[in-house]
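Examination of the molecular architecture
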There are 2 protein chains.
Amino acid sequence: MSLIFSRSCEYALQAVIYMARVENGKPVHLRTISDAMSIPHHFLGKILQILTRDDIVQSTKGANGGFKLGRSASEIRLLEIVHSVDGATSLDKCIMGYPECVDDKPCPLHDEWKKSKETIMKMLRETTIDKMTEGLDSKLAETAATH
Amino acid sequence: MSLIFSRSCEYALQAVIYMARVENGKPVHLRTISDAMSIPHHFLGKILQILTRDDIVQSTKGANGGFKLGRSASEIRLLEIVHSVDGATSLDKCIMGYPECVDDKPCPLHDEWKKSKETIMKMLRETTIDKMTEGLDSKLAETAATH
DNA sequence: GGATAAACAGACTCTTTTATCTGATACAAT
DNA sequence: ATTGTATCAGATAAAAGAGTCTGTTTATCC
């Protein structure tokens, strides 16, 4: 089973969450994030470049540089990050790979899968980064902090 | 976005459905299936070898050989095929890729994702091949037949 | 037994994803 | 201005997934 997000996308989410939490206005170094999340830093660099291009994060070069969120955490939606990194969603492709599978000529799993798909899409569309960090301090806080 | 089944697994499902439908006890040639479903036949060959090893399909060599289901369609579950081809499900891994994400120290998407996961797993566990072919004749029949 | 027709098996190629390396560029502090 | 520290960018490498090729084995039919 493959599953939903590519590795790159997982890293992107982790990094964005990290920035949203640590944030106090100041940019965070790539290296700080990659060390904390155990992500190869060159690889994360590439990913953050993409997010920068799409204005999800903002970068500053040179000393005192680093990365921070491009806008308020309440204005960044999960789906944007996924789209930015993984491209257009493949959630609308047939789960069984039938090329001709459509609503009125469905594959055997079409209707059931459609429900799951819509639930997932709703989650991606409606979840903003601030909502994701909300409940976090009581839970993952120690983990993220000690990394 | 990646998504749920690998290409190989999609092919496996298509092939099994095909066998379940065409079936009248007689084995079907690899080539017949691959042509009908537009699957590279060598590639499908590999996949059917795996399914054969796991007793999901049964093969006979030589003239009049071919593939047929290893047991009754009502005794083959979707999840078996997925496991056979794609290996142990990755549905239990954290959607965000956090290695330390568990129920009592969850990632921000844990609870919502858990619901979707369980719905999908339920579908995979409970759907048998005969259920999948049931509604099919009125729908995909023409497509599959004309291939 | 020989010819034929199928699955089986292993090596190989191509593509995509993931990861690494190296140098250039930009910024800040002194 | 020089130095140090950061991101940026492009080329490259390694690994995994998808697909191909060639030959072997096994069964059936004549």
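Everything in this summary refers to the structure shown in the same document.

One finds A:Met96, B:Met96 and B:Leu124 to be the most contacted residues of the largest nonpolar core, which totals 100 residues. The contact partners of B:Leu124, leaving out residues within four places of it in the chain, are A:Met1, B:Phe5, B:Arg77, B:Leu78, B:Leu79 and B:Leu91.

Attention now moves to the protein's contact with DNA strand C. As a matter of local geometry, DNA strand C sits amid 23 residues, with A:Phe43, B:His29, B:Leu30, B:Lys46 and B:Ser59 nearest to it. For DNA strand C, the backbone makes up 61% of the atoms found within 4 Å of the protein, where backbone means sugar plus phosphate. In this structure, a phosphate oxygen belonging to DNA strand C sits 3.0 Å away from a side-chain N or O atom of A:Arg7. Listing elements by their share of the surface near DNA strand C, those giving two or more residues are helix H1 (7-22) and helix H3 (41-53) of chain A together with helix H3 (41-53), strand E1 (57-60) and strand E2 (66-69) of chain B. Split into classes, the residues belonging to the surface near DNA strand C amount to 7 nonpolar, 11 polar and 5 charged.

All right, on to the protein's contact with DNA strand D then. Inspection of the region around DNA strand D gives 23 residues, with A:His29, A:Leu30, A:Lys46, A:Ser59 and B:Phe43 positioned closest. When atoms of DNA strand D within 4 Å of the protein are sorted by moiety, sugar and phosphate together comprise 61%. A:Gly62 is positioned with one of its backbone polar atoms (N or O) 3.5 Å from a sugar or linking oxygen of DNA strand D. At 3.4 Å, a backbone N or O of A:Ala63 approaches a base oxygen of DNA strand D. Tallied by class, residues from the surface near DNA strand D come to 7 nonpolar, 11 polar and 5 charged.

Reading the values: the criteria
Residues numbered from 1 in each chain as written. Chains lettered and ligands numbered in written order. Predicted model: local features only at pLDDT ≥ 70, side-chain atom pairs only at ≥ 80, totals over all residues. Heavy atoms only, no water. Core = buried A, V, L, I, M, F, W, Y, C linked by side-chain atoms within 4.5 Å. Buried < 20%, exposed > 50% of the residue type's maximum accessible area, 1.4 Å probe, protein only. Contact = heavy atoms within 4.5 Å. Near = heavy atom within 4 Å. Polar contact = N/O pair within 3.5 Å; in protein donor to acceptor, adjacent residues only side chain to side chain. Helix = DSSP H or I, 4+ residues; strand = E, 2+ residues; numbered from the N terminus. Nonpolar A, V, L, I, M, F, W, Y, C, P; charged D, E, K, R; others polar.

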